[in-house]
Amino acid sequence: MSHMRSQPTPSPVISAAAPPRWAVWAAHATTLVVLPSGLWRILMVLGYPAGYTKAGFVPFDTVGAKVWMLTLSVLSELVAFLTTGLVRPWGEVVPRWIPLIGGRRVSPKAVVVTAALGAAALTLIWANVPWWWTYPHEDMTYTGHLVVGILYQPLLLWGPLTAAVTISYYRRHRTAA
């Protein structure tokens, strides 16, 4: 009895033009703009008050708060990383290692709608960050208030960067269609 191995089915041909260099840069930049605030939260998870007064840090020094801060940091970075899919092949064909759907072509329309909604939501969520210093933070030290404000400022760019990369993806796939 001979053993025949089945040959893997080739991935669908990707017909969209290569992404422009600026779009690749912008997609990777999304992961960087999320990083400072995530690292700050991880400092708090590790027990460092990270700008809070001793009394102000108490609510963050619980298991539940630590799980929330770690989860928020990791999920934020993963969501930011998804933007790179708009400039990589896995934004056009699902990677083969993903069960059930691996190797299937991704619907550009679904990608564009999802990414555009995400970009809009991120822009709205972080729109007030430039005014961080005008809000009272009695539970923080003066230096902590200053530093945390600086660490959160890059988040203002997350939505617009995602929107720009989404527009590039849309244009490349509209042309390919």
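Residue positions within a chain follow its written sequence, with the count starting from 1. In keeping with the model being predicted, local features are shown solely for residues with a pLDDT of at least 70 and side-chain atom pairs are shown and tallied solely at 80 or more, while totals for entire chains, interfaces and linings include all residues. Neither water nor hydrogens contribute to the side-chain values; these are computed over all heavy atoms in the structure.

Positive phi values are uncommon outside glycine, yet Ala 50 reaches one of about 45°. A run of DSSP states H or I qualifies as a helix once it reaches four residues; a run of E qualifies as a strand once it reaches two. Both are numbered from the N-terminal end. When you line up the elements, Ala 50 lands in the loop between helix 1 (21–45) and helix 2 (54–57). Looking at Ala 50, the relative accessible area reads 9%, which means it is buried. Within the chain, Leu 100 stands out as a residue other than glycine whose phi angle is a positive 70°. Considering the arrangement of structural elements, one finds Leu 100 in the loop between helix 3 (63–82) and helix 4 (108–126). Its relative accessible area of 82% is what places Leu 100 among the exposed residues. The buried label applies to any residue whose accessible area, calculated with a 1.4 Å probe on protein chains only, is under 20% of its type's maximum; exposed applies above 50%, and partly exposed to all values in between.

Next up on the list: the packing of helix 1 against helix 3. Two elements in contact, helix 1 and helix 3, have axes whose closest approach is 9 Å; the angle formed by their N-to-C orientations is 170°. With respect to each other, helix 1 and helix 3 are oriented roughly antiparallel. Between helix 1 and helix 3, the contacting residues are Thr 30, Thr 31, Val 34, Leu 35, Gly 38, Arg 41, Ile 42, Met 44 and Val 45 on the first element and Lys 66, Met 69, Leu 70, Leu 72, Ser 73, Ser 76, Glu 77, Ala 80 and Phe 81 on the second. Only the stretch in contact is used when a helix axis is fitted, and all axes are lines through C-alpha atoms; the angle between N-to-C directions ranges over 0 to 180 degrees. We call two directions roughly parallel when the angle between them is under 35 degrees, roughly antiparallel when it is over 145, roughly perpendicular when it lies between 65 and 115, and oblique otherwise. Throughout, a residue-residue contact means that at least one pair of heavy atoms, one from each residue, lies within 4.5 Å.

A helix's residues, less one, multiplied by 1.5 Å, set its expected span. With 19 residues, helix 4 should reach 27 Å at 1.5 Å per residue; the first-to-last C-alpha distance of 27 Å fits that figure. Val 111, Val 112, Ala 115, Ala 119, Leu 122 and Trp 126 are the residues of helix 4 that are buried. What you see down the axis of helix 4 is that its buried residues fit within an arc of 105°, all on one side. Exposed and facing more than 90 degrees away from the buried side of helix 4 are Lys 109, Thr 114, Leu 117, Leu 124 and Ile 125. Directions pointing from the helix axis toward each C-beta atom define the arc.

Patch membership requires over 30% relative accessible area and the absence of a salt bridge. Like charges are linked within 9 Å, and nonpolar side chains (Val, Leu, Ile, Met, Phe, Trp, Tyr) within 5 Å. Method for areas: the Shrake-Rupley scheme with a 1.4 Å probe, in which residue coverage is limited to the protein chains shown. Between Lys or Arg on one side and Asp or Glu on the other, a salt bridge is scored when a side-chain nitrogen of the former is within 4 Å of a carboxyl oxygen of the latter. A surface patch of nonpolar side chains, about 520 Å² in accessible area, is lined by Trp 133, Tyr 142, Leu 146, Val 147 and Ile 150. Note that Tyr 142 resides in helix 5 (residues 142–152).

Our focus in this paragraph is the pattern of salt bridges. Applying the stated criterion to the full structure yields two salt bridges. For Arg 172, the salt bridge identified is with Glu 92, shortest N-O distance 3.7 Å. One end of the pair, Arg 172, is in helix 6 (residues 158–176); the other, Glu 92, is in the loop between helix 3 and helix 4, and 80 residues separate them in sequence. Side by side, Arg 172 and Glu 92 carry an identical accessibility label, which is buried.

With 20 residues, helix 3 extends 28 Å from end C-alpha to end C-alpha; this agrees with the ideal 28 Å at 1.5 Å per step. Buried within helix 3 we find Ala 65, Met 69, Ser 73, Ser 76 and Ala 80. Buried residues of helix 3, seen end-on, are gathered within an arc of 70° and therefore sit on one face of the element. Projecting away from the buried face of helix 3 at angles above 90 degrees are the exposed residues Val 63 and Leu 82.

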